[in-house]
Amino acid sequence: MNNVNSKWVSLAGRVLLGSLFVISGLGKLGNWEQTAGHMASQGLPLANLLLAGAAAAELAGGLSLLLGYRTPWGALLLVAFLVPVSLTMHAFWAHTGEARQLHLIHFLKNLSLIGGLLAQATAGAGALSLDARRATLHSGTASRVPQHA
């Protein structure tokens, strides 16, 4: 793929991944009591505290991807968020019947997201990002700084 297409594909991937987490984080904030109640019903202690952490991780990581700012760190933050969420909230092995199938689908979806986030963390933000803009500014500044012996 040439560089022109690559930068747009990279941007689309970041926006698609990031928007999922931003929308989910905002949804948690907008449905706080219901979400905290669901978490408590799953046996999670300190549901309000965990919910605050979940919303913060989703918003920070999602915005990091959307903007392409410190993208590898944002992607890894979301991986760190998804691993315990998958193991606690989508423990398909603890269910039977239709509930088992539903949780299995969510668990596998989260594994897929983790794969995409790891790829994003490795590839970086791409040319259309704040990370690239920052690198350009820093490299331009470095070349104009006089060298002293």
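In this report, the structure presented in the accompanying data block is examined. Keep in mind that what you see is a predicted model, and the values were worked out from it rather than measured.

Examined against the element boundaries, Thr71 turns out to sit in helix α4 (residues 71-89). Residue classification places Thr71 among the buried positions, given a relative accessible area of 0%.

Together, Leu63, Leu67, Tyr69 and Leu130 give the surface a local cluster of nonpolar side chains, amounting to about 360 Å² of exposed area. With respect to the helices and strands, the residue Tyr69 is situated in the loop between α3 (47-67) and α4.

Once that is clear, we can look at the nonpolar core. Ranked by internal contacts, the top residues of the largest apolar core, which has 14 residues, are Phe21, Leu65, Leu82 and Leu117. Of all the secondary structure elements, the ones that give two or more residues to this core are α1 (3-30), α3, α4 and α5 (97-123). It is α4 that provides the largest number of residues to this core, a total of 5 residues. For Phe21, the contacting residues outside a window of four places in its chain are Glu58, Leu59, Gly62, Leu78, Leu82, Leu113 and Leu117.

With respect to the helices and strands, the residue Gln120 is situated in helix α5. The residues contacting Gln120, other than those within four sequence positions of it, are Gly13, Arg14, Leu65, Thr71, Ala75 and Ala125.

Glancing now at the layout of surface pockets. Of the volumes computed, that of the largest pocket is approximately 630 Å³. Every residue lining the largest pocket is counted, 28 residues in all, and those nearest its centre are Lys28, Phe81, Val85, Met89 and His90. Of all the elements in the fold, those that place two or more residues in the lining of the largest pocket are α1, α2 (32-41), α3, α4 and α5. The biggest single contributor to the lining of the largest pocket is α4, with 7 residues.

Taking 1.5 Å as the rise per residue, α3 with 21 residues should run 30 Å; its terminal C-alpha atoms sit 30 Å apart, in good agreement. Those residues of α3 that fall on the buried side of the exposure criterion are Ala47, Leu51, Ala54, Ala55, Ala57, Glu58, Leu59, Gly61, Gly62, Ser64 and Leu65. Among the residues trailing α3, Gly68 stands out with phi positive, at a value near 70°.

Evaluation of the coordinates by the stated rule reveals 3 aromatic pairs. Between Phe92 and Trp93, the aromatic rings sit 5.0 Å apart at their centres with planes inclined by 75°, giving edge-to-face as the arrangement. Since its relative accessible area comes to 45%, Trp93 is described here as partly exposed. Seen from their ring centres, Trp93 and Phe107 are 5.8 Å apart, and the 85° between their planes marks the pair as edge-to-face. Residue Trp93 is located in the loop between α4 and α5, and its partner Phe107 is located in helix α5; the two are separated by 14 residues in the primary sequence.

With that out of the way, let us pick up the packing of α4 against α5. Look at α4 against α5: their axes get within 9 Å of each other, and the N-to-C directions meet at 160°. By the criterion of interaxial angle, the relationship of α4 to α5 is roughly antiparallel. Our pair here, α4 against α5, has a crossing hand that is left-handed. Of α5, the residues touching α4 (which contributes Thr71, Pro72, Ala75, Leu76, Leu78, Val79, Leu82, Val83, Val85, Ser86, Leu87 and Met89) are His103, Phe107, Asn110, Leu113, Ile114, Leu117, Leu118, Gln120 and Ala121.

Reading the values: rules and limits
- Residues numbered from 1 in each chain as written.
- Predicted model: local features only at pLDDT ≥ 70, side-chain atom pairs only at ≥ 80, totals over all residues.
- Heavy atoms only, no water.
- Helix = DSSP H or I, 4+ residues; strand = E, 2+ residues; numbered from the N terminus.
- Buried < 20%, exposed > 50% of the residue type's maximum accessible area, 1.4 Å probe, protein only.
- Patch = residues over 30% accessible without salt bridge, like charges linked within 9 Å, V, L, I, M, F, W, Y side chains within 5 Å.
- Areas by Shrake-Rupley, 256 points an atom, 1.4 Å probe, with all protein chains shown as cover.
- Salt bridge = Lys/Arg side-chain N within 4 Å of Asp/Glu carboxyl O.
- Core = buried A, V, L, I, M, F, W, Y, C linked by side-chain atoms within 4.5 Å.
- Contact = heavy atoms within 4.5 Å.
- 1 Å grid on protein atoms, 1.4 Å probe; cavity = no way out; pocket = protein on both sides within 12 Å on 5 of 7 lines; lining within 4 Å.
- Points joined across faces, edges and corners; volume = space filled by probe spheres on them.
- Expected span 1.5 Å × (residues − 1).
- Phe/Tyr/Trp six-rings, centres within 6.5 Å; stacked < 30°, edge-to-face > 60°.
- Axes fitted to C-alpha atoms, helices over the stretch in contact; angles between N-to-C directions.
- Parallel < 35°, antiparallel > 145°, perpendicular 65-115°, else oblique.
- Left-handed = near helix turned anticlockwise from the far one by under 90°.

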